[in-house]
Every structure is written in structure tokens, then in C-alpha cells.
Amino acid sequence: MLVPGAFNALSARVIEDLGFEAIYVTGAGVTNMWFGMPDQGFMGLAEIADHTARIRDAVELPLIVDADTGFGNALNVRHTVRVLERAGADCIQFEDQVAPKRCGHFAGKEVISTEEMVGKIKAAVDARHDPDLLIMARTDACAVHGFEAAIERAHKFGEAGADILFVEAVTTADEIRAAAAFAQAPADEHGDRRQNPDLRHRRAGRAGLRHRAVCQRRVAGRAGGHAESPDRAA
């Protein structure tokens, strides 16, 4: 599934009119188009929440909302989830960069410790009121510590409760294939639901996003279902 990025309500309407199935409320796009500045941590929670609410009013498609680093520590992440859930997000993305963050394809990135990011993910999962709200955990560790370290982080983030895993900025065909193989691996003996991504209906029949792994803006696989719970549908 291709998920175009929207930077305001009008661009979201264009995406919906063209027949796409979901929209990415892009932090880089909001920063570029709203401030005329590069994606280097200038956007705050108020700006992305305002854009999310306006886009939510304009379209019915599911919204993946870029929340950068969560705008602070685990407590800030908790607040961010509450605000963006009220604004209409269906999925919220958090990344493991050091603040102020940089675009995922810029040089000079740094990442926080795995332990700190795990704490942020747990805070995000605990903060949501709607059990169908998805938490996406993105790692930028590939460019900093290498591909294997990024995959290891993704495992940890999934264990912490992230619904969707996003390995950013892989650079070779072999890494793309390896990341896809990780994403499509069968569930483990504990019923780990990070794998087998699909779509489900949400909010009065609107097509929604569901588990479990994203790599480079791609979701592999699709399945239907209105009445199944997350556990039964996994």
C-alpha cells in the first residue's frame, strides 16, 4: 500500500480523491510548507495537532501522523498521544532520534538509547484510550549503527508494544529484502502480532490501518474484517 504524505487539508483531499487508502500527515511536509524551513525539529506538537484536526475534518481516510521524537521524554510522549488521538490520528509515529531531530535522509543524525526509546513506546501504548489506535516505532539507527543494529532495535520496539515497525533509510537492495523478511516472519510462540500487516475497517466503515510492520513507507499484505478484535484477527 502506497501512503502519500499530506501537509494540509487540501493536499489530503487530493490524495483521497485519487483513490489512495491512507494518508501520512508528514512532519517534514508541515515544516516545509507551513514554516518554509527544513525538517530539523522546528515543528511542535501544537502545529502537527492542528494540521491533523484540519485534515481529519476534510477526509475520511485513516491518518498516520508523524510525531517526530514525541517532543520530549516519555511523559511528553504520553501527552502527545492524548492530543493527537483527540485530533483524529489513527496511527502515531515516534522515532528514536536525539532532539532536535533531522530528516531521516539527512546526514548527521544521532539516536537515543534503545532503553530510552523502549520507555517512550511503553508510555505511548499506555496513553491511548482507543485500543485500535496504532503506535508506529521508527528507528533511524541504520545510518548511525548499521542495519543489524536497526533490526535489533526494531525487535525491542515490538516487544515494548509498538504495533508497526519502521526501519528508516535502508540503502541497499539486500537490506530492503532482509527488512521485508523480518517484517513478514511468522508469529512466535507467544503470539507476537508485529508481523502480518493488514487493513481493517475503522470508524463507521472507514478503511483503517492495522498491524504490523512498515519499511520505507510500504505495508505488505492486506486482509479484511469488521468485527474481529485485534487478538483474533492477528
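Residues numbered from 1 in each chain as written. Predicted model: local features only at pLDDT ≥ 70, side-chain atom pairs only at ≥ 80, totals over all residues. Heavy atoms only, no water.

## As for the overall build of the protein
To keep things clear, this is the line we draw: Helix numbers and strand numbers start at the N terminus; a helix is a DSSP run of H or I with at least 4 residues, a strand a run of E with at least 2. Here's how the labels work: a residue is buried when its accessible area is under 20% of the maximum for its type, exposed when over 50%, partly exposed in between, all with a 1.4 Å probe on protein chains only. When checking whether two residues touch, look at their non-hydrogen atoms; a contact exists if any pair is within 4.5 Å. Computed by Shrake-Rupley with a 1.4 Å probe, the accessible areas treat only the displayed protein chains as cover when residues are assessed.
Looking only at helices and strands, the protein has 9 helices and 10 strands in total. Burial statistics for the protein: of 234 residues in total, 50% are counted as buried. Counted over contacts in the protein with a minimum sequence separation of 6, partners at least 24 positions apart contribute 66%. Roughly 10,700 Å² of accessible area belongs to the protein as shown, and the carbon and sulfur atoms make up 53% of that amount.

## Concerning the pattern of salt bridges
Put simply, the rule reads: Just to be clear on terms, a salt bridge is a Lys or Arg side-chain nitrogen sitting within 4 Å of an Asp or Glu carboxyl oxygen.
The final tally for this structure, using the stated rule, is 12 salt bridges. A salt bridge links Asp174 to Arg177, with the nearest nitrogen and oxygen atoms 2.6 Å apart. Remark: Arg177 and Asp174 occur in helix 8 (residues 173-183); sequence separation between them is 3 residues, near one turn of the helix. Residue class for Arg177 comes out exposed when judged on its relative accessible area of 54%. One network of salt bridges, in which partners are shared, links Asp39, Asp68, Glu95, Lys101, Lys109, Arg138, Asp140 and Glu168.

## Notes on the side chain of Asp39
The following threshold applies: We define a polar contact as two N or O atoms separated by no more than 3.5 Å, with the added condition that, inside protein, one atom must be a possible hydrogen donor and the other a possible acceptor, whereas residues neighbouring each other in sequence contribute only through side-chain atom pairs.
Within the secondary structure, Asp39 is located in the loop between helix 2 (27-35) and helix 3 (45-58). Take Asp39: its relative accessible area is 5%, and that puts it in the buried class. A polar contact of 3.4 Å, which involves the side chain of Asp39, links it to the side chain of Lys101. Not counting chain neighbours up to four residues away, the residues in contact with Asp39 comprise Ala28, Thr31, Asn32, Lys101, Arg102, Cys103 and Phe106.

## A short note on helix 2
Residue pairs three or four apart in sequence face the same way in an α-helix, which turns once every 3.6 residues. Among the residues making up helix 2, those that are buried are Gly27, Ala28, Gly29, Val30 and Thr31. Of the surrounding secondary structure, the elements contacted by the buried residues of helix 2 are strand 2 (23-25), helix 3 and strand 3 (63-66). Once helix 2 finishes, Gly36 follows within two positions and takes phi at roughly 65°, a positive value.

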